[in-house]
Amino acid sequence: MIRVTYTALIPPEGRATFCTMTLETRRTDPGQADPDLHPLELSPESMRHMVEAVTEQIVTYIQSLPDQPAARVEGGVELARSLVEDLPEEGAPFRSLIDLVFERAVPTGFNTAGPGYLAYIPGGGLFHSALADFIADAVNRYVGVWMAAPGLVQLEANVIRWFNQMVGFPPEAGGLLTSGGSLANFTAVVAARRERLPADFLAGTLYASDQVHHSVLKAAMLAGFPPENVRQVPVDDQFRIRLDALEDHIAADRTRGTGAQPFFLVGSAGTTNTGAVDDLAALASVAERERMWFHVDAAYGGFFMLTERGRSRFVGLERADSITLDPHKGLFLPYGTGSLLVRSLETLRRAHRVTADYMPALQDSNEFVDYCTVSPELSRDFRGLRVWLPLKMHGAAAFRTALDEKLDLTEWITEELRTIEELEIVAEPQLSIVAFALRSPGKGLNHGPEELNQRNRELLHRINAKQRVYLTGTQLGDRFVIRICVLSFRTHQDRMLAALDDIRRSVREVIARQPD
Ligand SMILES: *Cc1c(COP(=O)(O)O)cnc(C)c1O
């Protein structure tokens, strides 16, 4: 910029005889904004300074993860209330804001990034992906439309291509990255509805096991189906959908004369409750015969396809019409990355087709894709880079090794739990989840089911109170059971030993309190 200064030259005798005007040009880079005039445009020094400060905080934070409590759940209400505020008119120093985030907001809650998080479904949050997001957000190219960023869109398309190859889909397959498994399941239901049902679709019925993730029920509801159109089929003793019961349901729907139209069958490749894997090949055959869309919810389990054990358990996955995968689970990515794969990209295009005059020309070849034409989203964040960067940097092998380690750790702790007399394994691991519970003590001490459930809740509470691991429980039939889900890339043998030790001690504590 050019700064104009007026300089009055005063002669030594003190009499102003003339004035000159000089133009002073500040030697800044051309195009460089003046931070005083445009504070939102940061100077190079500020950008570097901010990044360095945050890098320092993050590296220190990540190094401290193993020593942090696995969860710190007290004080949430007070903390949240203390953070309520109105929109500020004036700014505050950057440092103070980052400190607020790290020192006050972050520490309370579940330590989802830490090695002791064995609850729900962990993931971890690869640092590489955080950096990829930094790049994606900073360059801020537009990836909703192919033409706006053909190179970056191709990097994202490569990721989908790798996933499709992993599951064994044909070359005309496609898909997209979503914000998570829930949106992927929703998109699958909508695509199937558009492909298989008439415009008046209310007779369409959906089939899944009673262990299916609740996002499938939500998806059906949001896609316009009455809740009673979802048939929840009972499971066998390993929590897999019972084929005989499924066939009975379909046959009854076909013959009852209600006009019900079976159109959507869901298989689970790893349920959230116990990691149960349905017989996918058998389900694929049922779907073919009944002309139903076959969707596999592999949000939790899908990336075990990278391992030999996973592949042997997922036979039939390649026959699905659509598959949900959650990279923020089995690829250890930060939250906000799910994906839906479809056997034919055209099905997604047909399901989302609309036009608008102000839109640029869109691709209709199978070679290139405008992501806005295959999803409800138009503008979106560039999710591709956060998957692409770690996969390119380490290759699939590093992920395969990490996932194999999770399967090994789960098998290991299952065998150890089996040796604890008071416990029983309620759900054997099929992937990296095991569910266990205190058994009824017998010996004349007959607990009712509710009393036993109460003791198992107490056991869970005592394990978590030691703060080295964080486990969650679930309900299997009328039993309350405790789950261990090993999926974080930061969880290794040392933490599993700690888990076992805390479980043993907690069992002794609960037994000691037994009123006998
Ligand atoms: C986690 C999960 C979902 C939901 O995925 P989000 O990414 O949380 O939306 C769906 N199905 C299964 C089996 C899951 O484990």
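Draft legend 1. Molecular detail of the overall build of the chain. For the chain, the count of helices and strands is 15 helices and 15 strands. For the chain, the spread of C-alpha atoms along the three principal axes comes to 115 × 60 × 45 Å. Relative to its 516 residues, the chain shows a buried fraction of 47%. A sequence separation of at least 24 residues applies to 72% of the contacts in the chain between residues at least 6 apart. For the chain, the computed accessible surface area is about 25700 Å², with 55% contributed by carbon and sulfur atoms. One finds the centroid of the 53 positive side-chain charges in the chain at a distance of 2 Å from the centroid of its 67 negative side-chain charges.

Draft legend 2. A look at the domain arrangement of the chain. Each assigned domain of the chain is listed here: domain 1 (131-394) and domain 2 (396-512). Computed from C-alpha coordinates alone, the two centres of domain 1 and domain 2 are separated by 31 Å. Each partner contributes to the interface: domain 1 provides 29 residues, whereas domain 2 provides 24 residues. Considering only the side of domain 1, the residues that lose the most area to domain 2 are Phe304, Arg309 and Phe332, jointly responsible for 29% of the buried surface there.

Draft legend 3. Highlighting the packing of helix α1 (residues 44-64) against helix α3 (residues 94-105). Contact pair α1 / α3: the axes reach a minimum separation of 11 Å and the direction vectors enclose 20°. Judged on the interaxial angle alone, α3 and α1 are roughly parallel. Of the two elements, α1 crosses α3, and the hand of that crossing is right-handed. Residues Met50, Ala53, Val54, Gln57, Ile58 and Tyr61 of α1 form the contact with α3, whose participating residues are Phe94, Arg95, Ile98, Asp99 and Phe102.

Draft legend 4. Broad picture of the sheet that holds strand β8 (residues 261-268). The seven strands are arranged β5-β11-β10-β9-β8-β6-β7 in an open sheet whose pairing can be described as mixed. Either end of the sheet is taken by a strand with one partner, and the two such strands are β5 (174-178) and β7 (230-233). Along the sheet, successive strands turn relative to each other by an average axial angle of 20°, direction set aside. The pairing of β5 with strand β11 (residues 338-342) spans five bridges and is antiparallel.

Draft legend 5. Spatial organisation of the nonpolar core. Of all hydrophobic cores here, the largest spans 95 residues; its most connected members are Phe163 and Ile323. Two domains each donate at least three residues to this core, and these are domain 1 (131-394) and domain 2 (396-512). Discounting residues that sit within four places of it in the chain, Phe163 has contacts with Leu177, Phe303, Leu325, Pro327, Leu331, Ser339, Leu341, Val387 and Leu391. Of all hydrophobic cores here, the second largest spans 25 residues; its members include Ile420, Leu423, Phe480 and Met496.

Draft legend 6. Summary view of the site of the ligand. As a matter of local geometry, the ligand sits amid 14 residues, with Gly181, Ser182, Asp297, Asp326 and Lys329 nearest to it. Asp297 has a polar side-chain atom sitting 2.6 Å from a nitrogen atom of the ligand. Here the ligand loses 85% of its free accessible area of 380 Å² to cover by the protein chains. Put simply, the parts of the chain that give the shell around the ligand at least two residues each are α6 (181-196) and α11 (327-330). In terms of residue count, α6 provides more of the shell around the ligand than any other element does, three residues in total.

About the thresholds
- Residues numbered from 1 in each chain as written.
- Predicted model: local features only at pLDDT ≥ 70, side-chain atom pairs only at ≥ 80, totals over all residues.
- Heavy atoms only, no water.
- Helix = DSSP H or I, 4+ residues; strand = E, 2+ residues; numbered from the N terminus.
- Buried < 20%, exposed > 50% of the residue type's maximum accessible area, 1.4 Å probe, protein only.
- Contact = heavy atoms within 4.5 Å.
- Areas by Shrake-Rupley, 256 points an atom, 1.4 Å probe, with all protein chains shown as cover.
- Lys, Arg positive; Asp, Glu negative; His and termini not counted.
- Charge placed at Lys NZ, Arg CZ, Asp CG, Glu CD.
- Domains from an automatic or database assignment.
- Buried area = accessible area lost by both parts, 1.4 Å probe.
- Axes fitted to C-alpha atoms, helices over the stretch in contact; angles between N-to-C directions.
- Parallel < 35°, antiparallel > 145°, perpendicular 65-115°, else oblique.
- Left-handed = near helix turned anticlockwise from the far one by under 90°.
- Pairing = 2+ DSSP bridges.
- Core = buried A, V, L, I, M, F, W, Y, C linked by side-chain atoms within 4.5 Å.
- Near = heavy atom within 4 Å.
- Polar contact = N/O pair within 3.5 Å; in protein donor to acceptor, adjacent residues only side chain to side chain.

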